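This is what each chain is made of:
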There are 4 protein chains.
Amino acid sequence: MKHTVDLQKYNLRTDLTIEKLEQNKITNSKIKKSKYKDIIIETVNINANDGKIIDKKEGLYTTITFNDTTDSDNRKNLEHVLVRELKQYININRDDLVLVVGLGNILSTPDSLGPKVIDKIMVTNHLYELNICDSNYQRVAAIAPSVTGKTGIETFDQIKSIVDKIKPKLVIAIDSLAASSVSRVNKTIQITNTGINPGSGIGNFRKEISYETIKIPVIAIGIPTVVDATSIVFDTLNYMLKKYSFSKNNINNKKYLLTYNNINYLNKDTKIDTKDKQMLLGLVGKLSNEELKKLIYEVLSPIGYNLMVTVKEIDFIIDTFATVLGNSINKIFSS
Amino acid sequence: MKHTVDLQKYNLRTDLTIEKLEQNKITNSKIKKSKYKDIIIETVNINANDGKIIDKKEGLYTTITFNDTTDSDNRKNLEHVLVRELKQYININRDDLVLVVGLGNILSTPDSLGPKVIDKIMVTNHLYELNICDSNYQRVAAIAPSVTGKTGIETFDQIKSIVDKIKPKLVIAIDSLAASSVSRVNKTIQITNTGINPGSGIGNFRKEISYETIKIPVIAIGIPTVVDATSIVFDTLNYMLKKYSFSKNNINNKKYLLTYNNINYLNKDTKIDTKDKQMLLGLVGKLSNEELKKLIYEVLSPIGYNLMVTVKEIDFIIDTFATVLGNSINKIFSS
Amino acid sequence: MKHTVDLQKYNLRTDLTIEKLEQNKITNSKIKKSKYKDIIIETVNINANDGKIIDKKEGLYTTITFNDTTDSDNRKNLEHVLVRELKQYININRDDLVLVVGLGNILSTPDSLGPKVIDKIMVTNHLYELNICDSNYQRVAAIAPSVTGKTGIETFDQIKSIVDKIKPKLVIAIDSLAASSVSRVNKTIQITNTGINPGSGIGNFRKEISYETIKIPVIAIGIPTVVDATSIVFDTLNYMLKKYSFSKNNINNKKYLLTYNNINYLNKDTKIDTKDKQMLLGLVGKLSNEELKKLIYEVLSPIGYNLMVTVKEIDFIIDTFATVLGNSINKIFSS
Amino acid sequence: MKHTVDLQKYNLRTDLTIEKLEQNKITNSKIKKSKYKDIIIETVNINANDGKIIDKKEGLYTTITFNDTTDSDNRKNLEHVLVRELKQYININRDDLVLVVGLGNILSTPDSLGPKVIDKIMVTNHLYELNICDSNYQRVAAIAPSVTGKTGIETFDQIKSIVDKIKPKLVIAIDSLAASSVSRVNKTIQITNTGINPGSGIGNFRKEISYETIKIPVIAIGIPTVVDATSIVFDTLNYMLKKYSFSKNNINNKKYLLTYNNINYLNKDTKIDTKDKQMLLGLVGKLSNEELKKLIYEVLSPIGYNLMVTVKEIDFIIDTFATVLGNSINKIFSS
């Protein structure tokens, strides 16, 4: 799991590129959007320029957004989409070695996605070595390098040294991510060819696993499983504003009257008027988004309450994701 | 774990009596406060009148507040306090049977405290039956009845039927709780002689385990391990106000100047001026505490974001608490 | 798990009725035998007389024997057979309550079958109570009462008190068993309508869960997951004898010559000649089966080596069985 | 865990050098024997010649034999001995890096010792890198490379590549072993400076981790947690013989009469007479030890019953060993 709060300096970052694009209002025209059932797939090719603006690397990003994985049909649909989208990123021969890397800490539930996926991966590299592998199955190896705090070794160094030894043609790295918006937690899978930073946190020495550093293509698959308290508060204030503006504008619209569970203010592209903002939130309403986030962070951090939180059902959710990701990768490599 | 959000109607409740007292500004004179190292112990005897105000039962409540349990010395201190305080609640003979009940779901980390404590409890009831138990050790039995959603049986009914069968003289029930303030999560142990409600949530049929319902004294031990998003946002807005007021009042105090990590606004009994409130938060600043919580709840709930959350380190924290509670109970019954 | 070795007196028992029948050479004519793929199903109705001989209760016993469950097709076949055979034992209405009881200790792998099956069971009793259950699904509750050594309570007493409270029309009890033959370990499922004894071991006070004791039909499902060292040695000496006799008789049969992996001596109904026995094993060869077992037991027990053992792959095997049993029970109650 | 049964050819091996010495009757004069409470410590320096005889490498071997680890005093005594003995093998500076390697598969209980010890090890290498480590604590890193069947990578290759990268001055490797005698299972810790072979089994390509292969001193710590059925049967026949001989010789010794639990035949250096052997066991009694083992193996293996077995309490035993080993290693490196 990547630690998103820089200990040295103020920094509010997200692991999700789609969030960065939204925050920076990068034009939607660049995002290729499609749907499968109620799953939304957004693909975007970030160029050098946009990358600089949103502090993300150049490359391809696919964001899969879904509602629910408690239902087995929904899980099947998600697997279907995941297989299809992942295949876009993979271009290798059957006997090329693929190394699947499960980042994170198996002993910490919200951070255990990577290692739990590794438990599901069918490995064949050792069978290839012995010439006893069915050649219809991709040559696959899989490791879960744990986290630096448990091994004392930079995760990058572990992976790099194994890559140098077994020389895969492709690395697939899986990790839990941090979202900067409540709406993304456990509802999004991000795929990218730009690599990944396994989080060390301490001293912030994070070495990226990417084509640039290991000279082998890296596909990173991440699911945000935690969010910080700052984002929860920031999001809520925005929902509050949207609800207020929407209510004011529709005060005479009978359709929207009376329904307590009216959530139309979210679906609509509700505009928030500057005046409304100040009316509702006073001085706080005068802040820009960035300033507001900074204020919340500065209030919570010194007193230790900018907690990284996860939902209380995380055990079941992680198990579901591990199965979906494991099945999808096995399917791609066996068919 | 008790589900604190009533699905049928608006309701913001907390499992912690100390929070209720604070929210309702019940005079501190009734709370007996002491310290051991940096652990704070607050004991209060709620009478019928106060009980009605704070919607809590008459009886004795002890709240133990601590900072940190990662350090082994701190854990030992906490065990020391817990043993001492629990003993105040226990008045039985050595061969009286005690039934320890671990409520909650072992498969859900933040809700697994009860069952994990049960794994640590030394049971002797079966040895007493065979007359092979060292009589210096209390007669103890222990069960983890799981949750209604996993058994299909009301947890109360399970416990009641076993109580009727083995006829203990005392029941000790352990459960994870929900806090309504971030500052309480994983930092508080509540002991009470008023009983406990194992959460069913569904349809809200919760049957209380207490002296009134099972005719045997019940000591409930609870630790808040989750908090809802509403409370996080509410708390943050209050911290924001306190910081704002404090800064304004100390604008010329060189001592408080410049320090980014200044958290004095929390320690001081910072008064929040009504004008400050409206200045900083506009219309929102005009709301009473109750109204503000209600507003946040109404914004988050319909869109599914009033999440019950837990910190990402919950696995380690629960293991620590299970050890501390298990050790303490075993110590009381073996010495 | 039932402890099969009586600590007070010499006693070599098995939990499997089919083994008892084999040991006592009860005529095969009473056993109804069928096959599905390579799974063998043997059903026998033990009458009072035979029951006395083999020290088993009167009633119906179904023994399902299979080779391997590592293959997913084999698992599906086993599920198919299990569903079909279990249905023979079940005769209730859809809204009759069924209580599934998972006996054993979740913390001890070979004894964790029962609790792990419970984790898979779909429970509906609480939904029926609220009138929100799809009436196509059987009314089901499920408990894992753990073991007396962990609760201090007789397992029978726990179950009886819950049965009295919720009044099911049928109890299905699942437990790990002990086999008295290596060939049965993890290769057999026994179903019976005669009930089951959860093992307490200590002092040997085991109270049976059966129609006689709880006044409700009980179906017991057991899988042998352990075997004692005595049985391993006894079996091996017998295989040795069979191999010796077979080799002697086929010394001139070119077909059986030279093959190291010749296991025909097992498939054939190899007769062991009394003279061969004494030739090969001396004084030991003069002992009856019962005497030989007694001798091995008397050699191993005093020195603490009559270990209850399990295979080293038991973790994966238990998980497989829990899934197969859970799926089968859910299928029966949902279709 | 090392797989001890060679699939290609007949081979009965043990991971324990002390067993090999006993089997080959190497003179006791070379073994330095001491006691601490009821723990026996045997140290032997195997030279080239003896090594050839017993098929073990030249080097130092320490065997610690104990009875029981269920008692906390016994565990403390074992830790005391382990710390003292391990220190004999370690000769490094405080800031020299030590790499602790936990071999085996966390998902298979009897094979999970290595990874479970790793979970207990305090690592500091990353703190040294940042110059924030208390220099009284040894520089330590720790990895659990899992098993080839789960990673697809030769375990040796994983370790070698990490060793090349982080350049430790000492490797401590921990693994579950196979015993060839029931009396050794879970009762012995072997320490050696000769290295270790992580088991791959498949195709039998096992690359040794030792000074010869990685050019860094390797201390291997192993505990036998499994034994094969062949050894159980072989041991039992020998106990049978000893009991028979002892009984015959003491037939007139009133002291040994009548006691069912008489285990003196084990304590005494009971001689087995060749005639007794044949009398008791016929043709089987004429076989040498090696021939008898071979016979048992040839009977059991083709029919799939030369199972690798473990005791049914293995879950608790492994947890105890992991704690004892983890504590001991941490103690050595922090004091």
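Residues numbered from 1 in each chain as written. Chains lettered and ligands numbered in written order. Predicted model: local features only at pLDDT ≥ 70, side-chain atom pairs only at ≥ 80, totals over all residues. Heavy atoms only, no water.

Colleague: I would appreciate a short explanation of the interface of chain B and chain A in the present structure.
Modeller: Interface size is often expressed as the accessible area that is lost when the parts come together. Tallying the contact residues gives 49 residues for chain B and 49 residues for chain A. In total, chain B and chain A occlude about 4,300 Å² of area from one another, counting both sides; carbon and sulfur atoms represent 74% of this. There are 0 salt bridges connecting chain B and chain A. Listed by contribution, the elements that provide at least two residues to the side of chain B that touches chain A are α9 (229–249), α10 (264–267), α11 (274–281), α12 (289–300), β9 (308–311) and α13 (314–334) of chain B. (Contact = heavy atoms within 4.5 Å. Buried area = accessible area lost by both parts, 1.4 Å probe. Salt bridge = Lys/Arg side-chain N within 4 Å of Asp/Glu carboxyl O. Helix = DSSP H or I, 4+ residues; strand = E, 2+ residues; numbered from the N terminus.)

Colleague: Just checking my understanding: could you explain the pairing of β9 of chain B for this structure?
Modeller: Regular strands show a simple pattern: their side chains alternate between the two faces of the sheet. Every second residue of β9 of chain B is oriented toward a common face, with Met-308 and Thr-310 of chain B on one face and Val-309 and Val-311 of chain B on the other, all of them buried. As defined by bridge partners, strand β9 (residues 308–311) of chain A adjoins β9 of chain B across 3 bridges and the pair is classed as antiparallel. Paired with Val-311 of chain A across the two strands is Val-309 of chain B, which belongs to β9 of chain B. (Buried < 20%, exposed > 50% of the residue type's maximum accessible area, 1.4 Å probe, protein only. Pairing = 2+ DSSP bridges.)

Colleague: Quick question: what am I supposed to make of the pattern of salt bridges here?
Modeller: When the charged atoms of two side chains lie near each other, side chains of opposite charge can form a pair. This model, assessed by the stated rule, comprises 50 salt bridges over all chains. Lys-30 of chain B serves as the salt-bridge partner of Asp-50 of chain B, at 2.6 Å between the closest nitrogen and oxygen. With Asp-50 of chain B in helix α2 (residues 48–54) and Lys-30 of chain B in the loop between α1 (17–23) and β1 (32–36), this residue pair connects regions lying 20 residues apart in the sequence. Salt-bridge contacts for Glu-208 of chain B lead to Lys-57 of chain B; the nearest nitrogen and oxygen are separated by 3.0 Å. Of this pair, Glu-208 of chain B sits in the loop between β7 (188–192) and α8 (211–214) while Lys-57 of chain B is found in the loop between α2 and β3 (59–65), placing the two residues 151 residues apart along the sequence. Since its relative accessible area comes to 21%, Glu-208 of chain B is described here as partly exposed. The exposure class assigned to Lys-57 of chain B is partly exposed, which follows from its relative accessible area of 26%. Several salt bridges share partner residues, and in doing so they unite Lys-57, Glu-208 and Glu-212 of chain A into one network.

Colleague: What should I look at first to understand the interface of chain C and chain D in this one?
Modeller: The partner chain D presents 49 residues to the 49 residues of chain C that form the contact. Counting across the chain C and chain D interface gives 0 salt bridges. Linking chain C to chain D there are 16 residue pairs in polar contact (both at pLDDT 80 or more). When contributions to the side of chain C that touches chain D are tallied by element, the ones reaching two or more residues are α9 (229–249), α10 (264–267), α11 (274–285), α12 (289–300), β9 (308–311) and α13 (314–334) of chain C. Looking at the side of chain C that touches chain D, the element that brings in the most residues is α9 of chain C, giving 9 residues. Considering only residue class, the side of chain C that touches chain D consists of 34 nonpolar, 11 polar and 4 charged. (Polar contact = N/O pair within 3.5 Å; in protein donor to acceptor, adjacent residues only side chain to side chain. Nonpolar A, V, L, I, M, F, W, Y, C, P; charged D, E, K, R; others polar.)

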